[in-house]
Structures are given as structure tokens and as C-alpha cells.
Amino acid sequence: MDEGWELFEGQDKVAHFVLFSTWTFLVMVGFARYFKKVILTVAILSLLFAGSTEAIQYFLPGRSADWMDLVADLIGSVFAVFVALILKKELIRVGKEFY
């Protein structure tokens, strides 16, 4: 990324967190009715998706793989799982379905 476009240090990690938390939340909600072990399924998918995107970047010219991007991806995924679980619990409490 061109340094002139950087608004603050670490903005790429924030972007990774936001993108993966959004992706994980949507996948979790989407898979909730199809998998009994949705958390395990989403955790495996998130790890594979995050790992593969970083691995692919290693081979692309002008890109580089970064372990901290992978960490930001996984933290975003864990955050989304907790948000989804809290939402599910609250919806059950008021008599609504999660999906």
C-alpha cells in the first residue's frame, strides 16, 4: 500500500478484523440451520480462508504474506462468533429464531 494513503498505523489490521468479523458473522448465521456444530464449522472455515488468503499473497507480485494479518483475521472471527452467540441467546430469550 502506498504510504500516502495510510490514515493511521495498523489500518490494514483493522480492515482485516472488520472484513473477517463480518464474513464470519454472515457465515455463522447462514450455516446455523444446517450444522449442529456451527461454531466448529465456522472456526475451521475461517482458519482455512484466512490462511489461504495469506498463503496466496506470498506468491503474488507486489504482495506479501503477514502473520499479523492472519492474527487480525482470526481475532475478527472470534469476535464475530461471540457477537452471534450473544445475539442468538437474546433472540431465544425473546422467543425469536436465530435464522
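Preceding this section is the structure that the text describes.
Being a predicted model, the structure only gives us computed values, none of them experimental.

Student: Before we go on, may I ask you to explain the packing of aromatic side chains in this structure?
Tutor: Aromatic rings considered in pairs are described by the distance between their centres and by the relative angle of their planes. One pass over the structure, following the stated rule, counts 5 aromatic pairs. Note on Phe20 and Phe49: the rings are 5.3 Å apart at their centroids and 35° apart in plane angle, and the pair reads as tilted. Highlighted residues: Phe20 in helix α1 (residues 11-31) and Phe49 in helix α2 (residues 38-59), separated in sequence by 29 residues. Owing to a relative accessible area of 7%, Phe20 belongs among the buried residues under this scheme.

Student: For this particular structure, what's the right way to read the packing of α1 against helix α3 (residues 67-93)?
Tutor: Relative orientation and spacing of two packed helices are given, respectively, by the angle between their axes and the distance between those axes. Where α1 contacts α3, the axes come no closer than 7 Å and their chain directions differ by 40°. What the angle tells us is that α1 and α3 run oblique. Seen along the crossing, α1 lies across α3 with a hand that is right-handed.

Basis of the calculations
For every chain, the first residue of its written sequence is number 1, and the numbers climb from 1 along that sequence. Local features in this predicted model are restricted to residues of pLDDT 70 or higher, and side-chain atom pairs are both shown and tallied only at a pLDDT of 80 or more, whereas totals for entire chains, interfaces and linings draw on every residue. By convention in this description, side-chain values take in all heavy atoms of the structure and omit both hydrogens and water. Pairing of aromatic rings covers Phe, Tyr and Trp, the last through its six-membered ring, and needs centres within 6.5 Å; plane angles under 30 degrees mean stacked, over 60 mean edge-to-face, and all others mean tilted. Each helix corresponds to a stretch of at least 4 residues labelled H or I by DSSP, and each strand to a stretch of at least 2 residues labelled E; elements are numbered beginning at the N terminus. Residue exposure (1.4 Å probe, protein chains only): buried if accessible area is under 20% of the type maximum, exposed if over 50%, otherwise partly exposed. To define axes, lines are fitted to C-alpha atoms, for helices over the stretch in contact only, and angles between the resulting N-to-C directions are given on a 0 to 180 degree scale. Throughout, the term roughly parallel applies to angles under 35 degrees, roughly antiparallel to angles over 145, roughly perpendicular to angles from 65 to 115, and oblique to all others. It is the rotation of the near helix from the far one that decides the hand of a crossing: anticlockwise by less than a right angle makes it left-handed, clockwise makes it right-handed.

None of this, on its own, says anything about what the molecule does.
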